[in-house]
Amino acid sequence: MLTQRPVWDVRRKFFETHMRELGIFDERHIFLGTNFSVESGYQVGNLIAEKYEETGVIPEAFLVASDPLAVGVLQAFNEHQIQVPDQTAIISINDIDVAKYVSPPLTTYHLNVHVLGQTAVEALSDTVNAPEQAKRTILLSSKIVYRKSFPEPVSTTSR
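Please read all numbers here as calculations on a predicted model, not as lab measurements. (Residues numbered from 1 in each chain as written. Predicted model: local features only at pLDDT ≥ 70, side-chain atom pairs only at ≥ 80, totals over all residues. Heavy atoms only, no water.)

Asks: Is there a simple way to explain the layout of surface pockets in this structure?
Replies: A water-sized probe, rolled over the atoms, reveals where empty space remains. If you add up the space inside the largest pocket, you get close to 2000 Å³. Lining the largest pocket we find 50 residues, and of these Arg-11, Arg-12, Phe-15, Leu-63 and Ile-93 sit closest to its centre. Contributing elements (two or more residues each) for the lining of the largest pocket: α1 (10-22), α2 (38-55), β1 (61-63), α3 (67-79), β2 (89-94), β3 (107-111) and α4 (113-129). Top contributing element to the lining of the largest pocket by residue count: α1, with 9 residues. The residue makeup of the lining of the largest pocket, split by class, is 33 nonpolar, 9 polar and 8 charged. (1 Å grid on protein atoms, 1.4 Å probe; cavity = no way out; pocket = protein on both sides within 12 Å on 5 of 7 lines; lining within 4 Å. Points joined across faces, edges and corners; volume = space filled by probe spheres on them. Helix = DSSP H or I, 4+ residues; strand = E, 2+ residues; numbered from the N terminus. Nonpolar A, V, L, I, M, F, W, Y, C, P; charged D, E, K, R; others polar.)

Asks: Explain α3 to me, please; I cannot follow it from the model alone.
Replies: Along an α-helix, residues three or four positions apart point the same way, because every turn accommodates 3.6 residues. For α3, with 13 residues, the first-to-last C-alpha span of 19 Å sits near the 18 Å given by 1.5 Å per residue. Those residues of α3 that sit buried are Asp-67, Leu-69, Ala-70, Val-71, Gly-72, Val-73, Leu-74, Ala-76 and Phe-77. Against the buried residues of α3 lie α2, β1, β2 and β3. (Expected span 1.5 Å × (residues − 1). Buried < 20%, exposed > 50% of the residue type's maximum accessible area, 1.4 Å probe, protein only. Contact = heavy atoms within 4.5 Å.)

In structure tokens:
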């Protein structure tokens, strides 16, 4: 069931804020799972498929918060005959190893887990050693890895 408390994190807050700034946020197109598991993604994927089967119209693309969630969404879409990337596209986050082996292979943001872990430990150490200091926001770079679930855009600039 999807009645459990949904996952909330900084990524969701940032995503919603940025979409509002762009003037394209629509609460009707936000789907939350209970956690970051394949099973939760499968449940959400079924919910999405059922919602859009009623109208016959599905959004052009989905940004899924993690690769395991996206694997579940892909499975549900396959069962509902929603063709990725022909009818809709999927981008996920983390670039776990299995992302390149599902069908279609997932386009995903690669996060350097080593740097992420190292930065988290440093921030924790700073907090323990100087708890009175102001907190900080840390931004780490990522790289999009294009695969078949969201094909690489064709450049429109001439060279």
